Amino acid sequence: MNKEKRLKKRYNAEKRFRLYGLTSVMMAIFFVIFLINVIFSKGSSAFLKTTIDLEVNFNLETLDLDNNPTQKNLEDAEYYDLAIDSILNVYSVTGLKEEKALINLFSPDYEYEIRNFLIKNPDFINKKTILKLTASDDIDQLHKGNYPRHLPEDRRRINNFQLKIYDSLLEQNKIDKIFNAYLFKKGDSRNPELAGIGGALVGSFFTIVITLLLSFPIAIFASIYLEEFAPKNKITDFIEININNLAAVPSIVFGLLGLGILLGTFHLPRSTPLVAGITLALMTLPRIIIPCRASLKAVPPSIREGALAIGASKVQSVMHHVVPLAIPGTLSGTIIGLAQALGETAPLILIGMVAFVVDIPSIPTDPSASLPVQVYLWSEQAERGFVEKTSATIMVLLSFLITLNFIAVYLRQKFERKW
Amino acid sequence: MNLILLIVVTIFSYSSFLYGRSRIKKITSSQSIKINALPNYYGYYLALWCALPSLIILLIWSIFEPAIIKALISQSLSHNELNNYSSDQINLIYQKIRSLYEGNFSGTLTNEIKLGVEQYKSLLSIAQSSKIVLLFSTLILTISYGIVRISKNNKARHDVEKILTGLLFACSLVAIFTTIGIIFSLLFESIKFFSAINIFDFLFGTSWSPQRAFVSDASAITPEEYADLKDAFGSVPLFAGTAFIALIAMTVAVPIGLFSGIYMAEYASVKVRKFSKPIIEILAGIPTVVYGFFAALTVGPFFREMGEKLGLEVSSESALAAGLVMGVMIIPYVSSLSDDVINAVPQSLRDGSYAIGATKSETIKRVVIPAALPGIVGSILLAVSRAIGETMIVVMAAGLAANLTINPLESTTTITTQIVMLLVGDQEFDSPKTQSAFALGLTLFFATLILNYIALRFVSKYREKYE
């Protein structure tokens, strides 16, 4: 083999190697874009919901009320007849089967939606108005174009008669898409069109606040001790080994810890943000201590020596000079640790946060869901409506995580000091 | 209640801070002696004496109160000679008593429960009042001790700093207590499990079907029952499934991660690096439940359709889908760690290689990677430990049936999946089924512990070499 050929071969090998590297980077970036694209294309439609216009005549007689009803009368009244009457006026139907088909176009909450409207707007008593009622999940998905219309009737949940009503309503412009406020206001539900992440948002908020309150001070104190005061001895070494190992222990093991100790031994209430917060705090602690120590280490010894030289005690030099300089760095590490905790699911499942909770929690000891667990729960559901709800929840969760990470990056850039 | 007490303690601490500060000023100015520390330190000193002991008491009390009340009620229930309750039944009655007390009781009210609620109420009120008495007497005692010390013009700064360092030390002990807590909670249940099921049957048995274990009382298993149970808790299929899915994940993550790490460290311009590194790290920041959703909803069905077209039978919960997605998740761990490791290789080694005419890729292959190998191996081991402990992806995308298979298109199950499945929902704590989850957790904990230990040893050896 002559020299030139060999050189060419070597250069080709060089080019190939470089290409492998570039391809790998491209593939990794492709995965990111693909993943986010799948989630967003599936989830964005969940922020809108389909409504059906319904003319309601708030006749006091149909509601069984006397003239000049009080607010309480309105709240206690029976709205079922009124709702059914109004719905049956939407399309001419004969027979119970057709009536049921028509009623099923609406979400089962129609009665409460009409009631809540009248309670909020008592002026409409004895007047007619057009309300936008939430459509059932099937109609919602049909209107959003996710429903397989072309399937034979016996394989569809919407029958041909319902499709006919839908098409005629669509022609009369009675079907509309509006912003889905239920998504943020309501708790979990068996009906996808009524399910919301309100409970999960509050639950996640309580959880993360408890995690922050517990883990941040302890992590800061522990890293100050280890970095500034700890003598070089076996106990210190043992603590350090423990912290490094705990940072790499699978999160599900912390779930077992929460289940065994917090629920099993201390009998704390199951499925609550309190237990979730403590469990996640224990998990996050080592993950915060490591960056906290790094930022304490970054403060140059001259600062400490300067303080000591003018007569400060060791504690004073650390507390008055080193810690204030290191705090910005510890903050960004803490925020990233919290972002991880916010997305953590497995330990929460073990401490029972998978319970079906409809109510929105008001204190940290109420049973509650949390955002990632809600994703898990809804992903197990068969209804099509839950697929977009799951993706929408992921979008909300990701937007929180991205915000947190941006804050961390911002803090780091703003306060980063080159000594 | 605890909140009010906390507020009381806070108010007391703040006022004792003010009092301590003014007190020492008065003493030193009236007797015209030299003050031993800044006046603020006397304030801190008194405030610490006020807050610390009472908060510790409050904490310990709240931790043990429910357990003690439960023990007392269970005792009076079991001392009732008319009925011989097992501990499970007592637990159940206790739950009923509590739910009746909290006002969300459903079911039939028995006389016993009514009496129990009365006892519960009275115990609670006794606990309440004794807590308050104890707290206030502690406050008075500790504050007066502090005042006595201050009056003697003690070295307050020295004392405060000593307490503070002690506090900092206590905080760093939390890590140790967490480890102890993990080992304790896992061991405690595992020992109960292993007293019922032979540890060798667990570790080397090849058939896993815990749903067959209907035994409620683990301590009283007859030999006939045991013959049946033996085959229910053989965890080899789980270990194999876990290793298999981790292997698939690593075959995705190692090449892509390693090559991107090399590219970032050796080839990429500053601009490309600044742009692509954070994007790849997004993969590490995405919650695993999102990957699970992605694997179950997009990747799994995609493989099944592909398989149908090719005439293969692909399970919709195939090991391949779960492993692949897990591999994508792990890419950034491998890439950023190996990037760091390669960057730490001294430039002089590269320069030497260039000087004798090697191309860049030859330098990387022959010089940089061999030099960085321990670090790279360490980072891969850390990634393996993450793959083994990963839960949500496999729970959502891998199967539940414990197949002992090496066909990536079939469904397999993992340790973490089984832990979740065994513990979801209301389970009795005393059945071998739930205890087996803790035994699995213990195995998982030690497996990852050993992997991490070896990995960290590799990395630190490597660091010592070049830093």
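Scoring rules and cut-offs
Residues numbered from 1 in each chain as written. Chains lettered and ligands numbered in written order. Predicted model: local features only at pLDDT ≥ 70, side-chain atom pairs only at ≥ 80, totals over all residues. Helix = DSSP H or I, 4+ residues; strand = E, 2+ residues; numbered from the N terminus. Rg over C-alpha atoms; globule rule 2.2 N^0.38 Å. Buried ≥ 20, exposed ≤ 12 C-beta atoms within 10 Å, placed from the backbone. Contact = placed C-beta atoms within 7 Å. Nonpolar A, V, L, I, M, F, W, Y, C, P; charged D, E, K, R; others polar. Pairing = 2+ DSSP bridges. Domains from an automatic or database assignment. Core = buried A, V, L, I, M, F, W, Y, C linked by C-beta atoms within 7 Å. Axes fitted to C-alpha atoms, helices over the stretch in contact; angles between N-to-C directions. Left-handed = near helix turned anticlockwise from the far one by under 90°. pLDDT = per-residue confidence, 0-100. Expected span 1.5 Å × (residues − 1). Parallel < 35°, antiparallel > 145°, perpendicular 65-115°, else oblique.

With respect to the overall build of chain A
So, step 1. Helix and strand counts for chain A stand at 17 helices and three strands.
So, step 2. Relative to the 2.2 N^0.38 estimate, which gives 22 Å for 419 residues, the radius of gyration of chain A is 30 Å and therefore markedly larger than a compact globule would have.
So, step 3. By principal-axis analysis of the C-alpha atoms, chain A measures approximately 90 × 75 × 40 Å.
So, step 4. When each of the 419 residues of chain A is scored for burial, the buried share is 45%.
So, step 5. Long-range contacts, defined here as pairs at least 24 residues apart, represent 77% of the contacts in chain A between residues at least 6 apart.

With respect to the interface of chain B and chain A
So, step 1. Taken together, the 70 residues of chain B in the interface contact 68 residues of chain A.
So, step 2. Per-element tally for the side of chain B that touches chain A: the top contributor is helix α5 (residues 156-196) of chain B, with 20 residues.
So, step 3. Of the residues in the side of chain B that touches chain A, the class split is 45 nonpolar, 20 polar and five charged.

A closer look at the environment of A:Ser251
So, step 1. Within the secondary structure layout, A:Ser251 lies in helix α11 (residues 251-265).
So, step 2. Exposure remark for A:Ser251: the 23 C-beta atoms within 10 Å place this residue in the buried category.
So, step 3. A sequence separation of 90 residues divides A:Ser251 from A:Ala341, and the C-alpha atoms of the two residues are 9.7 Å apart.
So, step 4. When residues no more than four places from it in sequence are discounted, the contact partners of A:Ser251 are A:Met283, A:Glu344, A:Ala346, A:Pro347 and B:Thr391.

Examining the pairing of strand β1 (residues 48-57) of chain A
So, step 1. By the bridge criterion, five bridges tie β1(A) to strand β3 (residues 175-179) of chain A in an arrangement that is antiparallel. Paired with A:Leu48 across the two strands is A:Phe179, which belongs to β3(A).

Let's talk about the domain arrangement of chain A
So, step 1. Splitting chain A by domain gives domain 1 (51-179) and domain 2 (198-415).
So, step 2. One C-alpha centre belongs to domain 1 of chain A, the other to domain 2 of chain A; they are set 46 Å apart.

Quick look at the domain arrangement of chain B
So, step 1. Under the domain assignment used here, chain B contains domain 1 (2-154) and domain 2 (236-466).
So, step 2. On a C-alpha basis, the centroid separation for the pair domain 1 of chain B and domain 2 of chain B is 48 Å.

Considerations on the nonpolar core
Residue and element names in this part refer to chain B.
So, step 1. In this structure, Ala-295, Ala-322, Val-325 and Ile-393 are the most contacted members of the largest nonpolar core, which totals 187 residues.
So, step 2. Take this core: its biggest share by element is 18 residues, from helix α8 (residues 236-267).
So, step 3. Apart from the residues lying within four places of it in its own chain, the contact partners of Ile-393 are Thr-288, Tyr-291, Gly-292, Ala-295, Ala-322, Val-325, Met-326 and Met-329.

Quick look at the packing of α8(B) against helix α11 (residues 319-343) of chain B
Residues and elements named next belong to chain B.
So, step 1. Packing of α8 against α11 leaves a shortest axis separation of 5 Å and a crossing angle of 35°. In this structure, α8 crosses over α11, and the sense of that crossing is right-handed.
So, step 2. Split by residue class, the contact of α8 with α11 holds 23 nonpolar, eight polar and two charged.

Quick look at the confidence of the model for chain B
So, step 1. Considering every residue of chain B, the mean pLDDT works out to 85; 94% of them sit at 70 or more.
So, step 2. Under the prediction, the complex receives an ipTM of 0.90, its pTM being 0.88.

Some details on helix α9 (residues 198-229) of chain A
So, step 1. Between its terminal C-alpha atoms α9(A) stretches 45 Å, which fits the 46 Å expected from 32 residues at 1.5 Å a residue.
So, step 2. The element α9(A) is extensively covered by neighbouring structure, given that 25 of its 32 residues are classed as buried.

Brief notes about unusual backbone geometry
All names here are of chain A.
So, step 1. If you check the backbone angles, Asn-126 has positive phi at about 65° while not being a glycine.
So, step 2. Classification of Asn-126 as exposed rests on a count of 12 C-beta atoms within 10 Å.
So, step 3. Here Asn-173, not a glycine, exhibits a phi torsion of approximately 60°, which is positive.
So, step 4. Looking at the element boundaries, Asn-173 is found in the loop between α7 (160-171) and β3.

Some thoughts on the sheet that holds strand β2 (residues 128-134) of chain A
Residues and elements named next belong to chain A.
So, step 1. Read from one edge of the open sheet, three strands run β2-β1-β3, paired in antiparallel fashion. The sheet is open, and its two borders are formed by β2 and β3, each paired with just one other strand. Sheet twist, expressed as the average angle between the axes of neighbouring strands with direction ignored, equals 45°.
So, step 2. Where β1 lies against β2, seven bridges are found, and the strand directions are antiparallel. If you follow Asn-57 over to β2, its bridge partner there is Lys-128.
So, step 3. Packed on one face of the sheet, helix α5 (residues 110-120) meets β1 and β2 and runs near 135° to β2.

Concerning the packing of helix α10 (residues 234-248) of chain A against helix α12 (residues 273-297) of chain A
Relative placement of two packed helices is described by the angle separating their axes and the distance separating the axes.
Residue and element names in this part refer to chain A.
So, step 1. Running from N to C, α10 and α12 cross one another at 120°; their axes reach a closest spacing of 8 Å. In terms of axis orientation, α10 runs oblique to α12. Remark: the crossing between α10 and α12 carries left-handed chirality. Of the residues in α12, those touching α10 at Ile-243, Leu-246 and Ala-247 are Pro-286, Arg-287, Ile-289 and Ile-290.
So, step 2. Classifying every residue of the contact of α10 with α12 by side-chain character gives six nonpolar, no polar and one charged.

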